[in-house]
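Per-entry structural report
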Amino acid sequence: MNQVGAVGLIAALVFAIYGMISGAIAGKFRSPRMLKSAQRAVLGFFAMTTLAVVSLEYLALTNDFHNSYVASHSSLALPLVYKIPVLWAGQQGSLLFWTWLLSIYVALAVLLNRKKNRQLMPYIIAICMGVGTFFSLITFWVANPFDQLSLATATGITPYAPPDGNGMAPSLQYHSMVIHPPMLYLGYVGMAIPFAFAMSALLTKQLGDNWIRVTRRWVMVPWMFLGTGIVLGGHWAYHVLGWGGYWAWDPVENASLLPWLAGTAFLHSVMIQEKRGMLKVWNVVLIILTFFLSIFGTFLTRSGIISSVHAFAQSNIGPWFSVFLAIIAAFSLTALFLRLDFLKTENRLDSVASRESGFLFNNWILLAAVLAVLWGTIFPIVSKAIQGVTVTVGPPFFNKVMVPIGLLLLFLTGAGPLLAWRKTSFQSIKRNFTVPLIFAAIVGGILFFAGVHRLYTWMSLFLCAFVAASIVGEFYKGARTRMKSTRENFFASVYNLTMRNTRRYGGYIVHFGIVLIFVGFAGQAFRFETQGLMGPGDLLRAKDYLLRCESIDTGQKANYQYETVALSVTKDGHALTVMHPQKRFFLAEQESLSHVALHSTLAQDLYVVMAGQDPGSDKAIIHVIINPLVQWVWIGGIIVLLGTLLALVPSSIERQMADLHKGREELAEAHHVS
């Protein structure tokens, strides 16, 4: 299968190059015949990358250690469920996976637009196949996952297969890691499609509402995947790394956050262009920035230029990515500069007290967040280049900068929907803000008297109450208005109101999920931790919890040995549960990893880690952390996902608008053909 996979790679490269050239020719000369040929090249690119992916998966599932990549990232004892993720466990496989996901996205874009956007599609194919050419080149020449192991003997070079592989990194052998990388990749890769739409609109001068309307949905899908991947990454870090947190401002974590922030800014600013014909240049810039940061994140993860628990080893692909990033920047900014005359604003800002202003402030703050995170992430590279010394900035820098930014964004999340388009009167501001502010003030007062005195924590929870009240108010006011006109009951009104404008109300649900995530963040201020040595019969107190060591046992599974402690836990004198933190030693990988024991409620997590064994007493080192409100981070992430899915459902208003646009496109197409 090595040869089959290699043939798939080279064939995919040929199809990508042909698709790029034929797409450009079809766009330049408006040739339907060349467009059809380019579309077939896309399908060929998809088929060949699929062949390569299937070949590598087959090699991993059959333990074929002739293959260098499989020998490095799998082993005989690796459970079947983790043999599939071998595909993205290492550098070479993950780049092949990136290329395959791109082929799926492009094939979908071609199939969904085979009768639409015919002026844009040739250049969309050319640009996507240009990206595909780059990744196919990298995968075939620089990081080929189908290299075979060999030995130099007296008779020459002979194939070699070790009796067992090196295995997968123990930290990756966790269920959320099976889906976390694919989610992130779907987010990174998917940003290529809106970028291609934007560039195609610039090249064809088709800069009306159509490309914005089409592109918005193509941004939402990868934005949703990227956000889901970020939350799953936090869930993995919390459950596997054993330090009791879920976000450490690690460079690779930051790399995933950057395009998500830029995409968030676009999803808000695009509404101003749709409603008022403003921010046209800015929206193109945001699309370029989002795609650039997606490639930049891939570069950071794979070049080894920075140290991270998530990064791959140092490799020689860094210069290739640097050149590719330079090409993206030069090409896109040149195209934008040449089309500035077609992107003139149609309206001016009428008032600071308007929804446009709210979105504009939102964009500035999100851009500030992007710049702050980017600066902190690349600072080690900059300091190394200037001073010859690698200087890192850790969580204190990011927390100092990002906490105020996050609170400002949270405030605008609630305030923005309360403002009217164009101009909001003082009476309207007074009417819309009064109830949410009163509710937030009551919650803030209760929190203060309950002992919440830390400024940022109190402000975060105060603003969460304000935003939650404003969201509930929007649903309530809309439902009441609908009840008067339709005589529906309240719940039917809420449902029909939501389905009539899924984008707006799906957005509110996303905002509510963000509120819950901030509630979870605020809980970190009340974190408590302690540590002790424990043998059978020993006790350890952690606030209201009392832990008693019942036994210490050892054992072995297929791919690891373990030592586990049985801890009976009581709270306020009442028996609560028995917890089993473990220390595992993975045989093939020769690495140790702690397996965290958790008792979770909506109020707090009891987080117990067996950190090791004391060499003097042979007792277990038990680390206990009480983490309040963490579960709300995961619940908020799920609600953000559900809200995004709802916003992707076409509403009745959008279906009517789509029919209208379809008629216009058919007329334009008939005119184009004639």
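Residues numbered from 1 in each chain as written. Predicted model: local features only at pLDDT ≥ 70, side-chain atom pairs only at ≥ 80, totals over all residues. Heavy atoms only, no water.

Helix and strand content of the chain: 20 helices and 12 strands. Taking 674 residues into account, the globule formula puts the C-alpha radius of gyration at 26 Å, and the chain, at 27 Å, falls close to it. When each of the 674 residues of the chain is scored for burial, the buried share is 53%. Considering only contacts within the chain whose residues lie at least 6 apart along the sequence, 71% involve residues at least 24 apart. Just so you have it, the chain exposes about 30,000 Å², and 65% of that area is on carbon and sulfur atoms. Computed over 49 positive and 31 negative side-chain charges, the inter-centroid distance for the chain is 15 Å. (Helix = DSSP H or I, 4+ residues; strand = E, 2+ residues; numbered from the N terminus. Rg over C-alpha atoms; globule rule 2.2 N^0.38 Å. Buried < 20%, exposed > 50% of the residue type's maximum accessible area, 1.4 Å probe, protein only. Contact = heavy atoms within 4.5 Å. Areas by Shrake-Rupley, 256 points an atom, 1.4 Å probe, with all protein chains shown as cover. Lys, Arg positive; Asp, Glu negative; His and termini not counted. Charge placed at Lys NZ, Arg CZ, Asp CG, Glu CD.)

The subject of this paragraph is the packing of helix H6 (residues 121-142) against helix H12 (residues 318-338). In contact at an axis separation of 12 Å, H6 and H12 are set at 170° when each is read in the N-to-C sense. The orientation of H6 relative to H12 falls into the category roughly antiparallel. On the side of H6, the interface is formed by Ile-127, Val-131, Phe-134, Phe-135, Ile-138 and Val-142, while H12 contributes Trp-320, Phe-321, Phe-324 and Phe-331. (Axes fitted to C-alpha atoms, helices over the stretch in contact; angles between N-to-C directions. Parallel < 35°, antiparallel > 145°, perpendicular 65-115°, else oblique.)

Glancing now at the nonpolar core. Grouped together as the largest cluster of nonpolar side chains are 149 residues, with contacts concentrated most on Phe-135, Met-199, Trp-211 and Ile-295. Setting aside residues no more than four positions away along its own chain, Ile-295 makes contact with Trp-98, Phe-135, Phe-321, Phe-324, Leu-325 and Ile-328. In terms of nonpolar packing, the next biggest core, distinct from the first, is built from 18 residues, Val-565, Ala-597, Met-610 and Ala-620 among them. (Core = buried A, V, L, I, M, F, W, Y, C linked by side-chain atoms within 4.5 Å.)

What follows covers empty space enclosed by the protein. Counted under the stated rule, the structure contains 1 cavity of 30 Å³ or more. As a volume, the largest cavity reaches approximately 40 Å³. In this structure, the largest cavity is lined by Met-191, Pro-194, Val-219, Gly-263, Phe-266, Ile-287, Thr-290 and Phe-291. At the level of elements, helix H10 (251-276) and helix H11 (280-303) are the ones that each hand at least two residues to the lining of the largest cavity. Here the residues of the lining of the largest cavity are counted per class, giving 6 nonpolar, 2 polar and no charged. (1 Å grid on protein atoms, 1.4 Å probe; cavity = no way out; pocket = protein on both sides within 12 Å on 5 of 7 lines; lining within 4 Å. Points joined across faces, edges and corners; volume = space filled by probe spheres on them. Nonpolar A, V, L, I, M, F, W, Y, C, P; charged D, E, K, R; others polar.)

Turning to the side chain of Glu-563, a few remarks are in order. Within the secondary structure, Glu-563 sits in strand E6 (residues 560-571). Of the buried charged residues, Glu-563 lacks a salt bridge, with Lys-583 as the closest side chain of opposite charge at 9.0 Å. Separated by 3.0 Å, the side chains of Glu-563 and Gln-613 make a polar contact. Contacts of Glu-563, omitting those with residues within four sequence positions, involve Ile-552, Asp-553, Thr-554, Pro-581, Gln-582, Lys-583, Met-610 and Gln-613. (Salt bridge = Lys/Arg side-chain N within 4 Å of Asp/Glu carboxyl O. Polar contact = N/O pair within 3.5 Å; in protein donor to acceptor, adjacent residues only side chain to side chain.)

Its location among the elements puts Gln-604 in strand E11 (residues 604-613). For Gln-604, a relative accessible area of 18% gives the class buried. A distance of 2.6 Å separates polar atoms of two side chains, one belonging to Gln-604 and the other to Tyr-545.

When the charged atoms of two side chains lie near each other, side chains of opposite charge can form a pair. Applying the stated criterion to the full structure yields 11 salt bridges. For the salt bridge of Glu-356 with Arg-276, the shortest nitrogen-to-oxygen distance reads 2.3 Å. Note that Glu-356 is positioned in helix H13 (residues 355-387) and Arg-276 in helix H10, a separation of 80 residues in sequence. Its relative accessible area of 1% is what places Glu-356 among the buried residues. A salt bridge links Arg-527 to Glu-529, with the nearest nitrogen and oxygen atoms 3.1 Å apart. Linked through salt bridges whose partners overlap, the residues forming this network are Arg-276, Asp-350, Glu-356 and Arg-422.

Further remarks concern unusual backbone geometry. Backbone geometry places Asn-63, a non-glycine residue, at a positive phi of 55°. Residue position: Asn-63 is located in the loop between helix H2 (32-61) and helix H3 (68-73). The backbone phi angle of Leu-629 is positive, close to 65°, even though this residue is not glycine. Of note, Leu-629 is situated in the loop between strand E12 (620-628) and helix H19 (631-648). Residue class for Leu-629 comes out partly exposed when judged on its relative accessible area of 21%.

The next subject is the environment of Ala-468. Within the fold, Ala-468 resides in helix H16 (residues 455-486). Considering only alpha carbons, one finds Ala-468 and Arg-339, 129 residues apart in sequence, at a separation of 42 Å. Setting aside anything within four residues of it in sequence, one finds Ala-468 in contact with Phe-512 and Val-515.

For helix H5 (residues 91-112), with 22 residues, the first-to-last C-alpha span of 32 Å sits near the 32 Å given by 1.5 Å per residue. Summarising burial for H5: 16 of the 22 residues are buried, a large majority. (Expected span 1.5 Å × (residues − 1).)

On to a nonpolar patch on the surface, then. Among the surface-exposed residues, Val-7, Ile-10, Val-14 and Trp-141 lie close enough to one another that they form a single nonpolar patch of about 390 Å² accessible area. Among the elements that take part in the nonpolar patch, helix H1 (residues 2-29) stands out by supplying 3 residues, more than any other. Summarising the element assignment, Ile-10 is placed in helix H1. Accessibility expressed as a relative area gives 31% for Ile-10, which makes it partly exposed. (Patch = residues over 30% accessible without salt bridge, like charges linked within 9 Å, V, L, I, M, F, W, Y side chains within 5 Å.)

Looking now at the packing of aromatic side chains. Here the structure, examined in full by the defined rule, presents 37 aromatic pairs. Plain terms: the ring middles of Trp-223 and Trp-260 are 5.3 Å apart, the flat faces sit at 15° to each other, and that makes the pair stacked. Highlighted residues: Trp-223 in helix H9 (residues 209-240) and Trp-260 in helix H10, separated in sequence by 37 residues. On the basis of relative accessible area, Trp-223 is assigned to the buried category, the value being 8%. The class for Trp-260 is buried, based on a relative accessible area of 17%. Aromatic side chains Phe-490 and Phe-491 sit 5.7 Å apart centroid to centroid with 80° between the ring planes, which places their arrangement in the edge-to-face category. One aromatic cluster is present, formed by Trp-98, Phe-134, Phe-135, Phe-296, Phe-299, Phe-321 and Phe-324 through successive ring pairs. (Phe/Tyr/Trp six-rings, centres within 6.5 Å; stacked < 30°, edge-to-face > 60°.)

Below, the discussion takes up the sheet that holds E12. Within the open sheet, the 4 strands sit side by side as E3-E12-E11-E10. Their pairing is antiparallel. Bordering the open sheet on either side are strand E3 (528-534) and strand E10 (597-600), each of which pairs with just one other strand. In this sheet, adjacent strand axes meet at a mean angle of 15° when their direction is disregarded. Looking at chain direction, E11 and E12 are connected through 9 bridges and run antiparallel. The residue of E12 that forms the bridge with Met-610 is Ile-622. (Pairing = 2+ DSSP bridges.)

To continue, consider the pairing of strand E5 (residues 545-556). The pairing of strand E4 (residues 539-542) with E5 spans 4 bridges and is antiparallel. Bridge pairing in E5 links Ala-542 to Tyr-545. What sits between E4 and E5 in their antiparallel hairpin is a turn of 2 residues, with Lys-543 showing a positive phi close to 55°. Where E5 and E6 come together, 11 bridges link them in antiparallel fashion.

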